[in-house]
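A look at the structure
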Amino acid sequence: MKLKFTGSLLIVCWYIFFNSTALLPQQLSSGQRIAEGYLPGAEETRLYYRIYGTKSDTIVAIHGGPGAGMNAILPDLKPLAKNHTVIFYDQRGGGRSELPADTAKLDARFFIADLEAVRQHFNLKRMAIVAHSFGSVLLASYLQKYPDRVKRMVFLGATGPLRAEAAKLAMRKYAEMDSTTMQRLGSILGPLMSGTAADPVAACQQYETLMDELAAARGEPNNWRGSTCNAPSEAIKYYYRYTARIAPESFGQWDFTQSLKQIKTPLLVIYGGMDPLEIAQQRAWADALPNGKLFLVPNSSGKGAIADRPDLVFPAIETFLGGDWPEKVE
């Protein structure tokens, strides 16, 4: 199942529109090694992680949502393990991580503290991070509290640095839908968000299928392999009912356009060139830090550039993580 234009902010906008465990190694057919387990996050919340690759250089991958689960990005980012050790983890309230009985624990400060717990658990002095979609907002919030603990970072299909603009662009998607599509969307998301869907996995897949159809109608490529639906049924139910609605709100009216001016960490923003309305927000990310640059990927959709043009995106990431800027950055 592809995942083109999903995410918590979109779900929230729809809602408004309508009113340490031991490693468990095993051998993969590719020859890469995988380790998985649980680590203690903030207030001992159990966070599930997987590690791919055995190289000395380590990357932490942050999925979107928040709480969408690592499988939303893992199939498309796993090739990074060829040259790096890549740590994926499920954020609280999604995937195989703990689903807090107390939804107050879905507050932004706990997501930030969880990322710091990941750093400490794996004894990473300064992290190299690749963040997708809402993962950019989480990482920017982390930087405000821990400005010296990230050495390089890549934003892929980032949610914008201004909440008001990001919400406006998400709402634009609904304005483009006809009434029949809106009714179909409501019939899928309504039960998911109320927790009454008889089969949350099937409903999640229906939602992603609809998003794929809309993307195809706009002429966008459809190569994304990750899926929020690849998670336990109870996690999908919890994600749509709680995490996807509560967690983004807890980040408040974020505006990172000025608050990161003192952060020296190099930032490479990567985005598909086929979504011109979003590009201004991506430039705003690059301008938000003194050492940020934008890499626009031709012939690719906004959030799916790494899946649409891996021939361009992976070399750009490798060049950047190696200490240089890729060609044709802004």
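Being a predicted model, the structure only gives us computed values, none of them experimental.

Moving on to the packing of helix α6 (residues 179-194) against helix α8 (residues 233-250). Two elements in contact, α6 and α8, have axes whose closest approach is 6 Å; the angle formed by their N-to-C orientations is 85 degrees. The pairing of α6 with α8 is recorded here as roughly perpendicular in orientation. Packed against α6, whose contacting residues are L189, L192, M193 and S194, the element α8 presents K237, Y240, R241 and R245 at the interface.

The next subject is the confidence of the model for the protein chain. Should pLDDT be low for a region, the predicted coordinates there are not to be read in detail. Mean pLDDT over the protein chain works out to 90, with 90% of the residues at or above the 70 mark. Ignoring residues within four places in sequence, the model shows residues 1-6, a span with pLDDT below 50, making 40 contacts including any to other chains. A low-confidence stretch, residues 14-31 (pLDDT under 50), is modelled with 38 contacts involving residues beyond four sequence positions or located in other chains.

The next subject is the packing of α6 against helix α7 (residues 200-217). Viewed as axis vectors pointing N to C, α6 and α7 meet at an angle of 150 degrees, and their least axial separation amounts to 9 Å. As judged from the angle between their axes, α6 and α7 are roughly antiparallel. For α6 against α7, the interelement crossing comes out left-handed. For the pair formed by α6 and α7, the contact residues are T181, R184, L185, I188, L189 and L192 on the first element and P200, A203, C204, Q206, Y207, L210, M211, E213 and L214 on the second. Its residues placed into classes, the contact of α6 with α7 shows eleven nonpolar, two polar and two charged.

A separate point is the side chain of T181. Structurally, the position occupied by T181 is in helix α6. With a relative accessible area of 15%, T181 lands in the buried category. For T181, the residues in contact, after removing those within four places along its chain, are L210 and L214.

Right, let's talk about the packing of aromatic side chains for a bit. Under the counting rule described, the total for this entry stands at 13 aromatic pairs. Measuring from centroid to centroid gives 5.0 Å for Y238 and Y242, while their planes differ by 55 degrees, and the two rings are tilted. On the criterion of helical spacing, the pair formed by Y238 and Y242 is a turn pair, its members being four residues apart in helix α8. According to the relative accessible area criterion, Y238 is buried, its value standing at 9%. Its relative accessible area of 25% is what places Y242 among the partly exposed residues. Plain terms: the ring middles of F256 and W285 are 5.6 Å apart, the flat faces sit at 20 degrees to each other, and that makes the pair stacked.

In this structure the tally under the stated criterion is 15 salt bridges. Between R92 and D114 there is a salt bridge; the shortest N-O distance is 2.6 Å. In this pair, R92 sits in the loop between β5 (85-89) and α3 (108-121) while D114 sits in helix α3, placing the two residues 22 residues apart along the sequence. Per residue, the accessibility class of R92 equals that of D114, and both read buried. A salt bridge links E249 to R163, with the nearest nitrogen and oxygen atoms 2.8 Å apart. Of this pair, E249 sits in helix α8 while R163 sits in helix α5 (residues 163-175), and the two are 86 residues apart along the sequence.

Among the five residues of β5, five are classified as buried, and the element is accordingly described as predominantly covered. In terms of strand pairing, strand β3 (residues 46-52) meets β5 through four bridges, oriented antiparallel. Paired with Y49 across the two strands is Y89, which belongs to β5.

Helix length check: α7, at 18 residues, gives a terminal C-alpha distance of 26 Å against a target of 26 Å (1.5 Å per residue), a fit within 8%. The complete set of buried residues in α7 reads P200, A203, C204, Y207, E208, L210, M211, D212, L214 and A215. Positioned one or two residues after α7, G219 has a phi angle of 80 degrees, which is positive.

Position of E278 among the secondary structure elements: in helix α9 (residues 276-288). The buried charged residue E278 lacks any salt bridge partner; its closest oppositely charged side chain belongs to R172, at an N-O distance of 4.4 Å. Not counting residues up to four positions away in its chain, the partners in contact with E278 are L169, R172 and Y271.

This part covers the state of the cysteines. Following the criterion strictly, the structure yields one disulfide and no others. C204 shares a disulfide with C229; S-S distance 2.1 Å. On the S-S bond that ties C204 to C229, the torsion sits near -90 degrees, and the link is left-handed. Of this pair, C204 sits in helix α7 while C229 sits in the loop between α7 and α8, and the two are 25 residues apart along the sequence. Here C204 matches C229 in class, with each residue buried.

Tracing the sequence through the fold places F295 in strand β9 (residues 292-297). Note on F295: relative accessible area 8%, which makes it buried. When the C-alpha positions of F295 and L47 are compared, they lie 32 Å apart, and in sequence the two are 248 residues distant. Apart from residues lying up to four places away in sequence, F295 is in contact with L268, V269, I270, Y271, L312, A316, E327, K328 and V329.

What counts and what doesn't
Residues numbered from 1 in each chain as written. Predicted model: local features only at pLDDT ≥ 70, side-chain atom pairs only at ≥ 80, totals over all residues. Heavy atoms only, no water. Axes fitted to C-alpha atoms, helices over the stretch in contact; angles between N-to-C directions. Helix = DSSP H or I, 4+ residues; strand = E, 2+ residues; numbered from the N terminus. Parallel < 35°, antiparallel > 145°, perpendicular 65-115°, else oblique. Contact = heavy atoms within 4.5 Å. pLDDT = per-residue confidence, 0-100. Left-handed = near helix turned anticlockwise from the far one by under 90°. Nonpolar A, V, L, I, M, F, W, Y, C, P; charged D, E, K, R; others polar. Buried < 20%, exposed > 50% of the residue type's maximum accessible area, 1.4 Å probe, protein only. Phe/Tyr/Trp six-rings, centres within 6.5 Å; stacked < 30°, edge-to-face > 60°. Salt bridge = Lys/Arg side-chain N within 4 Å of Asp/Glu carboxyl O. Pairing = 2+ DSSP bridges. Expected span 1.5 Å × (residues − 1). Lys, Arg positive; Asp, Glu negative; His and termini not counted. Disulfide = S-S within 2.5 Å.

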